[in-house]
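Notes for the structure review
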Amino acid sequence: MPGQLTYAELIQPVLWLIAGGASVFFSARALLAWQRKAPSRSIRGAVIALLAAFVVVPAIGVVPAGHRGVVYSWTGGVSPSERGEGVTLLIPWLQHLTKTSVRTQKVFSSKVFAQSLDLQEITVVASVNYHVRPDYAAELYQEVGPQYQSTVIQPALFQRTKAAVGRVKAENFASSRSGLATTVQEQLESQLAGYGIVVEYVNIEDAIFDPAFVKAVKRKVIAEQKAMEQENLIAAQAAIKQQTIIKAQATAQAIQIEATAQAKANLKIAASVTPALLRWRWLVVWNGMLPSTLVGDSGQVSLFLPTGESYGGYTP
């Protein structure tokens, strides 16, 4: 778990404690033996313990998990071979062990003051996730040193971010944010690969615009929203008008169809009316009263219609 020492990291302090305790123990015995006039054996033990502590402890190095050990020798410089995790042996006082992390790390850029493609000032903060290749730890230490983050990574991140911001318009910055990060990542990968640094992910953490530009963008957005509302209103009114026209046309067509059907029906009714049919109808509905109206000429009366009766829509 994070914050806990591994077994390998505990070995070196334990050895120091053992060697120190042995030295104190034999030194105390030597002092007591000196007081008793028998110092030879205790003094030898104290000397041996001190020599063991002086030789054994510096000869043992510990490389924690997620790290590689870089060995620097006073006689041969930096060794090209990295030491793996765990306990490793060194030449006492001639070799020095430096630990280099190969875990994923995150570095933030300083504030990048840049100009966009449309000459707007933008302040950007970017970050990069990376790790050191385990087989390049020694080369990185030798060529750049332990402060490689501030020496190599941060300046490259600053430079690439500033150049990338200059290729996008400020008003399109929000939609171009992902593409901007991808561009910076691709450029960093090619620039840092020679140092054994693997770029995993680049993120645009924050962007601050000039207040005047922000106000102008807000006004533009509000104007566009109002224009869109007007366009939507006009479109809705046109749709209502079109629906009214379609409804009127449908009503007129329905009336025309009904009128045509009624005319055809009237023609059929008119064709079916004969004097014999009318006399039969009169006989069916006659109530026995004499008619008050005669239909026909002076030569022949063909129909008697009592007053108040309706025949085919005609009431005498």
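None of the values given here were measured: they were computed from a predicted structure. (Residues numbered from 1 in each chain as written. Predicted model: local features only at pLDDT ≥ 70, side-chain atom pairs only at ≥ 80, totals over all residues. Heavy atoms only, no water.)

**Let's talk about the pairing of strand 8 (residues 121–132)**
The cut-off we apply is this: Each pair of strands is called paired provided DSSP finds at least two bridges between the two strands. Helix and strand labels come from DSSP, where a helix needs a run of H or I of at least four residues and a strand needs a run of E of at least two; each type is numbered from the N terminus.
When strand 6 (residues 105–108) meets strand 8, the two strands line up antiparallel, connected through four bridges. Counterpart to K106 in the pairing with strand 8 is N129. Judged from the four bridges that link them, strand 7 (residues 112–115) and strand 8 form a sheet pairing that is antiparallel. When the bridges of strand 8 are listed, V112 appears paired with V124. Between the end of strand 7 and the start of strand 8, which pair antiparallel, lie five residues, with L119 showing a positive phi angle near 65°. When strand 8 meets strand 9 (residues 197–209), the two strands line up antiparallel, connected through eleven bridges.

**Overview of the environment of Y72**
Our working definition: Exposure classes here rest on a 1.4 Å probe applied to the protein chains alone. A residue is buried below 20% of its type maximum, exposed above 50%, and partly exposed in between.
Along the chain, Y72 falls in strand 2 (residues 67–73). Note on Y72: relative accessible area 31%, which makes it partly exposed.

**What about the environment of Q95?**
Quick reminder of the rule: Whether two residues are in contact is decided by their heavy atoms: any pair within 4.5 Å suffices.
As for its position among the elements, Q95 is in strand 5 (residues 95–101). When the C-alpha atoms of Q95 and T75 are compared, they prove to be 8.5 Å apart, with 20 residues separating the residues in sequence. Residues in contact with Q95, not counting those within four places in the same chain, are V71, Y72, S73, W74, R83, L89 and L90.

**Looking at helix 5 (residues 177–192)**
The condition is simple: The span you would expect from a helix comes to 1.5 Å times its residue count less one.
With 16 residues, helix 5 ought to run about 22 Å at 1.5 Å a step, and its terminal C-alpha atoms sit 22 Å apart, in line with that. Next to the buried residues of helix 5 lie strand 8, helix 4 (148–165) and strand 9.

**Some points on the confidence of the model for the protein chain**
Counted only if it meets this: Scored from 0 to 100, pLDDT records how confident the predictor is in each individual residue.
Taken over all residues, the pLDDT of the protein chain has a mean of 77, while the share at 70 or more is 69%. Mean pLDDT per element in the protein chain: strand 11 (residues 301–305) is the minimum at 52, and strand 6 is the maximum at 94. Taken together, the stretch residues 1–8 has pLDDT below 50 and engages in six contacts with residues farther than four places along the chain or on a different chain.

**Describing the sheet that holds strand 5**
The three strands are arranged 3-2-5 in an open sheet whose pairing can be described as antiparallel. Edge strands, defined here as strands with exactly one partner in the open sheet, are strand 3 (77–78) and strand 5. Here strand 2 runs beside strand 3; their pairing, made up of two bridges, is antiparallel. Within strand 3, the residue paired with Y72 across the bridge is V78.

**What to know about unusual backbone geometry**
Excluding glycine, residues mostly have negative phi values, and the peptide bonds linking residues are mostly trans. Of note in this structure, W93 is not a glycine but carries a positive phi near 70°. Inspection of the secondary structure assignment puts W93 in the loop between strand 4 (86–89) and strand 5. Given the relative accessible area of 51%, W93 is considered exposed. In this model, L119 sits at a positive phi of 65°, which is unusual for a non-glycine residue. Here L119 is to be found in the loop between strand 7 and strand 8.

**Structural notes on the side chain of S127**
Our working definition: Counted as a polar contact is a pair of N or O atoms within 3.5 Å, where, for protein atoms, one must be capable of donating a hydrogen and the other of accepting one, and residues adjacent in sequence contribute only when both atoms are in side chains.
Topologically, S127 is positioned in strand 8. The class for S127 is buried, based on a relative accessible area of 1%. A polar side-chain atom of S127 sits 2.6 Å from a polar atom in the side chain of E205. Contact partners of S127, with chain neighbours within four places excluded, come to K106, V107, F108, L157, Y201, V202, N203 and E205.

**Considerations on the packing of aromatic side chains**
Rule in force here: Only Phe, Tyr and Trp rings are paired, with Trp represented by its six-membered ring, and only when their centres lie within 6.5 Å; those with planes under 30 degrees apart are stacked, over 60 edge-to-face, the remainder tilted.
If you walk through the whole model with that rule in mind, you get two aromatic pairs. Aromatic side chains Y72 and W74 sit 5.7 Å apart centroid to centroid with 75° between the ring planes, which places their arrangement in the edge-to-face category. Judged by its relative accessible area of 61%, W74 is exposed. Between the aromatic rings of Y130 and Y148, the centroid separation amounts to 6.4 Å while the plane-to-plane angle is 90°, which identifies the pairing as edge-to-face. On the criterion of sequence distance, the pair formed by Y130 in strand 8 and Y148 in helix 4 is long-range, its members being 18 residues apart. Exposure class is identical for Y130 and Y148. Each is buried.

**So, helix 4**
Basically, it comes down to this: Bend at a residue means the angle formed by two fitted axes: the first through the 7 residues ending at that position, the second through the 7 residues beginning there.
With 18 residues, helix 4 should reach 26 Å at 1.5 Å per residue; the first-to-last C-alpha distance of 25 Å fits that figure. Residue Q154 marks the point of greatest curvature in helix 4, where the axis turns by about 25°; the proline P155 follows within four residues. Where helix 4 is concerned, the buried positions are Y148, V152, I153, A156, L157, T161, A164 and V165.

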